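# Notes for the structure review
Listed here are the chains, written in short residue letters.
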Number of protein chains: 2
Amino acid sequence: VTLDTSRRRTRSDGERSRRAILEASARLATVDGLRGLTIGGLAEATGMSKSGLYSHFGSKEVLQLATIEAADAIFQEEVVAPATASGEPMEQIVQLSERYLDYVGSDVFPGGCFFAAASPEVDTHPGRVKDRIAAFQAGWMGLFVGLIARAQANGDIDEREDPTQLGFELNSMLTLANSIYVMFADRSAFDRARRGIRHRLGLEPGSSQRESNRARDRR
Amino acid sequence: VTLDTSRRRTRSDGERSRRAILEASARLATVDGLRGLTIGGLAEATGMSKSGLYSHFGSKEVLQLATIEAADAIFQEEVVAPATASGEPMEQIVQLSERYLDYVGSDVFPGGCFFAAASPEVDTHPGRVKDRIAAFQAGWMGLFVGLIARAQANGDIDEREDPTQLGFELNSMLTLANSIYVMFADRSAFDRARRGIRHRLGLEPGSSQRESNRARDRR
């Protein structure tokens, strides 16, 4: 009888309720961990019944994977989509960085970037959850690498740069800014990442002459 | 009676046993989390009795703090002490980076750098454990900043560099190399960090001319 009731509620609540539950779950995961997620804990956080949540998700792994999908949807909406909607590749690289720092600093998740919080937790536990987080990280890095290659084709980044190397360096500054912000509530880390990224891309004020000198030096 | 027995064992096992237990605990913490540490789990991992461990540590927080001290001692021995024992400040910066990457890549801990694993787990949980991890991170960053300032005084790093900014950039590459290695078992991340750090320090082959041009451009 309980199960039947939950199923009726599930259908009438529909996708909006599912998304609200999963967003709560994603927020919870950045505090207590993705492996710390339990249907009991989520029931407490959302006021839903455990039986209702079981009927939605069935197992902890299904809940974890659905939570990652919801977090990825938020990340795409907050960071990737607005940054890559338009503009030259070089501008998109800058916008990806800016949107990432905004997403961290506006506390979309209480534990900072969802994926930065989840990665070190799942990376020692092989399985579908780790694979899904790894796929996100590979995709995020690939986004930078692809845009860097396009910016090189446009002549905005030196063609002798290795896109994977440059993508690594840009991403490293975003990642450490996230960590410092969550640990120390220190927003100056965002400025450090911005400054480092703009410097690395040769975008500081008056940098075009420097860039051409650097390019000459590399020959 | 059980407690008395453990106490006798504790005394006779002495510090060596304590250190062995805490090293096991630190390894366990990089897999299951510092917050996931339990006296029961540690008893299982070490073959010690729970009552013996209780007599050593008493509470979960005491165990966590003792585990962090043990991990810090390992970090100092593996990374900081050999890198800073001698040499010019610039060489010590390079050696700190090399020793860090060696410490990660030689799997001292199964989950990579102990502190990189622990930080995102504890950063949303105020308390003594978070404070201790934050103090480590501040000290690690401060080590770079101090060496950079000394390398500037020596004329090996441009005096117009902000040491905090440069320390942030170097540390970010080390940190992301750790994450990628643990997630993807990809050792090329170590080379990316090495290459990025040497580039940022102006240490690539033939870079001295480039450095002087850069310095000129900044004027």
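All values derive from a computational prediction rather than experimental measurement.

Conventions used here
- Along each chain, residues carry numbers from 1 onward, in the same order as the chain's sequence is written.
- Numbering of ligands from 1 and lettering of chains from A proceed in the order in which they are written.
- Whole-chain, interface and lining totals are the exception, using all residues; otherwise, since this is a predicted model, local features are given only for residues with pLDDT of at least 70 and side-chain atom pairs are given and counted only at 80 or more.
- The basis for every side-chain value is the complete set of heavy atoms in the structure, and neither hydrogens nor water enter the calculation.
- The secondary structure listing takes helices from DSSP runs of H or I that are at least 4 residues long and strands from runs of E that are at least 2 residues long, numbered from the N terminus.
- Throughout, exposure labels follow a simple rule: accessible area from a 1.4 Å probe, protein chains only, divided by the maximum for the residue type, with under 20% read as buried, over 50% as exposed, and the rest as partly exposed.
- In what follows, residue pairs with any heavy atoms lying within 4.5 Å of each other are defined as contacts.
- Reported accessibility uses the Shrake-Rupley method at a 1.4 Å probe radius. Residues are deemed covered only where the shown protein chains occlude them.
- Criterion for a salt bridge: a side-chain nitrogen of Lys or Arg within 4 Å of a carboxyl oxygen of Asp or Glu.
- Here, nonpolar core refers to any group of buried Ala, Val, Leu, Ile, Met, Phe, Trp, Tyr and Cys residues whose side-chain atoms link them within 4.5 Å.
- Multiplying 1.5 Å by the residue count of a helix minus one yields the expected span of that helix.
- A least-squares fit on C-alpha atoms brings the copies together, and the residues used are those whose pLDDT is at least 70 in both copies.
- Here an angle of 0 to 180 degrees is reported between the N-to-C directions of two axes, which are lines fitted to C-alpha atoms, with helices fitted over the stretch in contact.
- In these notes the angle categories are as follows: under 35 degrees is roughly parallel, over 145 is roughly antiparallel, 65 to 115 is roughly perpendicular, and the rest is oblique.
- The crossing is said to be left-handed when, going from far helix to near helix, the turn is anticlockwise and less than a right angle, and right-handed when the turn is clockwise.
- Bending is quantified residue by residue as the angle between axes fitted to the seven-residue window ending at that residue and the seven-residue window starting at it.
- Stacked, tilted and edge-to-face are the three classes assigned to paired rings of Phe, Tyr and Trp, where Trp is represented by its six-membered ring and a pair needs centres within 6.5 Å; plane angles under 30 degrees give stacked, over 60 edge-to-face, the rest tilted.
- Count a disulfide wherever a pair of cysteine sulfur atoms falls within 2.5 Å.
- Buried area is understood as the total, over both parts, of accessible area removed when two parts are fitted together, assessed with a 1.4 Å probe.
- Residue-level confidence of the predictor is what pLDDT reports, using numbers from 0 through 100.

Let's shift gears to the overall build of chain A. Per the secondary structure count, chain A includes ten helices and zero strands. Reading chain A from its N terminus to its C terminus gives the helix and strand order α-α-α-α-α-α-α-α-α-α. Across the 219 residues that make up chain A, the buried fraction comes to 52%. Partitioning the intrachain contacts of chain A with sequence separation of at least 6 by distance along the chain shows that 66% fall at a separation of at least 24. Accessible surface, chain A: about 9,600 Å² in total, of which carbon and sulfur atoms supply 50%.

Further remarks concern the pattern of salt bridges. Residue and element names in this part refer to chain A. Inspection of every chain in the model, using the stated rule, returns 24 salt bridges over all chains. In this structure, Glu-69 and Arg-132 form a salt bridge, with 2.6 Å as the shortest nitrogen-oxygen distance. With a gap of 63 residues between them, Glu-69 in helix H4 (residues 60-84) and Arg-132 in helix H7 (residues 128-153) connect regions that are remote in the sequence. The class of Arg-132 is buried, set by a relative accessible area of 17%. Ionic contacts of the salt-bridge type, sharing partners, join the residues Glu-98, Asp-102, Asp-191 and Arg-194 into one network.

Ranked by size, the top nonpolar core spans 66 residues in total, and within it Leu-34, Phe-75, Tyr-100, Phe-114 and Trp-140 of chain A carry the most contacts. Broken down by element, this core gets its largest block of residues, eleven residues, from H4 of chain A. Listed in part, the 65 residues of the second largest apolar core include Ala-26, Val-104, Leu-174 and Tyr-181 of chain B.

We now examine H7 of chain A. Side chains three or four residues apart in an α-helix point the same way, a direct result of the helix having 3.6 residues per turn. Spanning 26 residues, H7 of chain A covers 37 Å between terminal C-alpha atoms, matching the ideal 38 Å at 1.5 Å per step. At the C-terminal side of H7 of chain A, Gly-155 of chain A shows a positive phi close to 80°.

Turning our eyes to something else, we now look at the relation of the copies chain B and chain A. Each copy of the sequence occupies a distinct position, and chain B is placed on chain A by a rotation of 180° and an axial shift of 0.0 Å, giving an RMSD of 0.0 Å. These values place the two chain copies in the arrangement generated by a two-fold rotation axis. The position closest to the rotation axis in chain B is occupied by the C-alpha of Ser-172 of chain B, lying 2.5 Å away. The fraction of interface residues of chain B whose copies in chain A are also interface residues reaches 98%, indicating that both copies meet through the same surface.

With that out of the way, let us pick up the environment of Arg-192 of chain A. Examined against the element boundaries, Arg-192 of chain A turns out to sit in helix H9 (residues 188-200). Residues Arg-192 of chain A and Met-173 of chain A, 19 residues apart in the sequence, show an inter-C-alpha distance of 8.0 Å. Discounting residues that sit within four places of it in the chain, Arg-192 of chain A has contacts with Asp-186 of chain A together with Thr-164, Gln-165 and Phe-168 of chain B.

Moving on, we get to the packing of H4 of chain A against helix H5 (residues 89-105) of chain A. Residue and element names in this part refer to chain A. Packing of H4 against H5 brings their axes to within 8 Å, and their N-to-C directions diverge by 155°. Compared by their axis directions, H4 and H5 come out roughly antiparallel. Considering the relative orientation of H4 and H5, their crossing is right-handed. Judged by residue contacts, Phe-75, Glu-78, Val-79, Val-80, Pro-82, Ala-83 and Thr-84 of H4 engage Gln-92, Gln-95, Leu-96, Arg-99, Tyr-100 and Tyr-103 from H5.

Another aspect to go through is helix H4 (residues 60-84) of chain B. Between its terminal C-alpha atoms H4 of chain B stretches 34 Å, which fits the 36 Å expected from 25 residues at 1.5 Å a residue. For H4 of chain B, the principal kink sits at Gln-76 of chain B and spans about 45°.

Under the criterion given, the structure shown has 26 aromatic pairs over all chains. Plain terms: the ring middles of Phe-75 of chain A and Tyr-100 of chain A are 6.2 Å apart, the flat faces sit at 65° to each other, and that makes the pair edge-to-face. One end of the pair, Phe-75 of chain A, is in helix H4; the other, Tyr-100 of chain A, is in helix H5, and 25 residues separate them in sequence. A residue is classified by how much of its surface remains accessible, and Tyr-100 of chain A, at 4% relative accessible area, is buried. The interplanar angle of 5° and the centroid separation of 3.6 Å between the aromatic rings of Phe-115 of chain B and Phe-136 of chain B together place this pair among those described as stacked. Of this pair, Phe-115 of chain B sits in helix H6 (residues 114-122) while Phe-136 of chain B sits in helix H7 (residues 128-153), placing them 21 residues apart in sequence. For the residue pair Phe-115 of chain B and Phe-136 of chain B, the accessibility class agrees, reading buried in each case.

Summed over all chains, the structure comprises zero disulfides over all chains. Of all cysteine sulfurs, the one in Cys-113 of chain B lies closest to Cys-113 of chain A, which takes part in no disulfide; the gap is 19 Å. In this structure Cys-113 of chain A comes out as buried when scored by relative accessible area, which is 2%.

Take the interface of chain B and chain A next. Listed per partner, the contact involves 50 residues of chain B and 49 residues of chain A. Across the chain B to chain A interface the summed buried area is about 3,800 Å²; carbon plus sulfur atoms make up 61%. It is Phe-168, Met-183 and Arg-192 of chain B in chain B that bury the most area against chain A; as a group they hold 18% of the surface buried on that side. On inspection of chain B and its partner chain A, the count reaches two salt bridges.

Residues and elements named next belong to chain A. Overall, the prediction assigns chain A a mean pLDDT of 89, with 86% of residues at 70 or greater. Note that residues 1-8 has pLDDT below 50 and, in this model, five contacts with residues that lie over four places away or in other chains. Contacts from residues 207-219, a stretch scored under 50 in pLDDT, to residues over four places away or in other chains number 23 contacts.

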